[in-house]
Amino acid sequence: QVQLVESGGGLVQPGGSLNLSCAASGSIFSINTMGWYRQAPGKQRELVATISNVGSTNYADSVKGRFTISRDNAKNTVYLRMDSLKPEDTAVYYCNAEIVRFVLTFRRDDYWGQGTQVTVSS
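Residues numbered from 1 in each chain as written. Predicted model: local features only at pLDDT ≥ 70, side-chain atom pairs only at ≥ 80, totals over all residues. Heavy atoms only, no water.

A.B. asks: So, the overall build of the protein: which residues are in play, and what are the values?
C.D. replies: Looking only at helices and strands, the protein features zero helices and 11 strands. Ordered by position from the N terminus, the helices and strands of the protein form the series β-β-β-β-β-β-β-β-β-β-β. For 122 residues, the compact-globule estimate of 2.2 N^0.38 gives 14 Å, and the C-alpha radius of gyration of the protein, at 14 Å, lies within 12% of that figure. For the protein, the C-alpha atoms occupy an extent of roughly 50 × 25 × 25 Å along the three principal directions. Burial status across the protein gives 39% buried among its 122 residues. Looking at the protein alone, contacts between residues at least 24 apart form 56% of all its contacts between residues at least 6 apart. Of the roughly 6700 Å² that the protein leaves accessible, carbon and sulfur atoms contribute 47%. Within the protein, the 10 negative side-chain charges are centred at a point lying 1 Å from the centre of the 12 positive side-chain charges. (Helix = DSSP H or I, 4+ residues; strand = E, 2+ residues; numbered from the N terminus. Rg over C-alpha atoms; globule rule 2.2 N^0.38 Å. Buried < 20%, exposed > 50% of the residue type's maximum accessible area, 1.4 Å probe, protein only. Contact = heavy atoms within 4.5 Å. Areas by Shrake-Rupley, 256 points an atom, 1.4 Å probe, with all protein chains shown as cover. Lys, Arg positive; Asp, Glu negative; His and termini not counted. Charge placed at Lys NZ, Arg CZ, Asp CG, Glu CD.)

A.B. asks: Any details on the environment of Ile99? Residues and values, ideally.
C.D. replies: Tracing the sequence through the fold places Ile99 in strand β9 (residues 91-103). Note: C-alpha distance between Ile99 and Gly42 (57 residues apart in sequence) is 29 Å. Setting aside chain neighbours within four positions, we find Ile99 in contact with Val2, Leu4, Ala24, Ile28, Ser30, Ile31, Arg107, Arg108, Asp109 and Tyr111.

A.B. asks: Quick rundown of the state of the cysteines? Include the residues and the values.
C.D. replies: Applying the stated criterion to the full structure yields one disulfide. Here Cys22 connects covalently by a disulfide to Cys95, the sulfurs 2.1 Å from one another. A torsion of -80 degrees about the S-S bond marks the disulfide between Cys22 and Cys95 as left-handed. Residue Cys22 is found in strand β3 (residues 18-26), and its partner Cys95 is found in strand β9; the two are separated by 73 residues along the sequence. (Disulfide = S-S within 2.5 Å.)

A.B. asks: Please give an account of the sheet that holds strand β7 (residues 67-72) that cites residues and values.
C.D. replies: Read across the sheet, four strands follow the order β1-β3-β8-β7 without closing on themselves; strand pairing throughout is antiparallel. Each edge of the open sheet is held by one strand with a lone partner, namely β1 (2-7) and β7. Pairs of neighbouring strands in the sheet enclose a mean axial angle of 15 degrees, with direction left out of account. (Pairing = 2+ DSSP bridges. Axes fitted to C-alpha atoms, helices over the stretch in contact; angles between N-to-C directions.)

A.B. asks: I'd like a rundown of the pattern of salt bridges, residues and numbers included.
C.D. replies: Using the criterion set out here, one finds eight salt bridges in the structure. Note that Asp89 and Arg66 form a salt bridge whose closest N and O atoms lie 2.8 Å from each other. Here Asp89 is found in the loop between β8 (77-82) and β9, whereas its partner Arg66 is found in the loop between β6 (57-59) and β7, with 23 residues between them in sequence. Assessed through its relative accessible area of 0%, Asp89 is described here as buried. (Salt bridge = Lys/Arg side-chain N within 4 Å of Asp/Glu carboxyl O.)

As structure tokens, then:
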């Protein structure tokens, strides 16, 4: 069993900052890419940022320069620092991780957290 749990969401004023965390736990052999996605009301879930197991990062154009993704491999945790937040950043933010397990054989699966609400409003 593997679980991802996000935390850090909340209400912030435009221009403010938030720090999101996502911790993976369970029967984990290794974690490949981890990432953050978001879904606003009435819209499809979209990529925010990803980070590989060796630290290579990718960002959506809409957040580049404002958000920073990082990870702590020893803690199986990925972080997202969000600066200069805008109302259009309001969404539920989901953690994603490509995880390898060993249960009689190796298994590679994508896991999703439950999401954490980020609301940017004055």
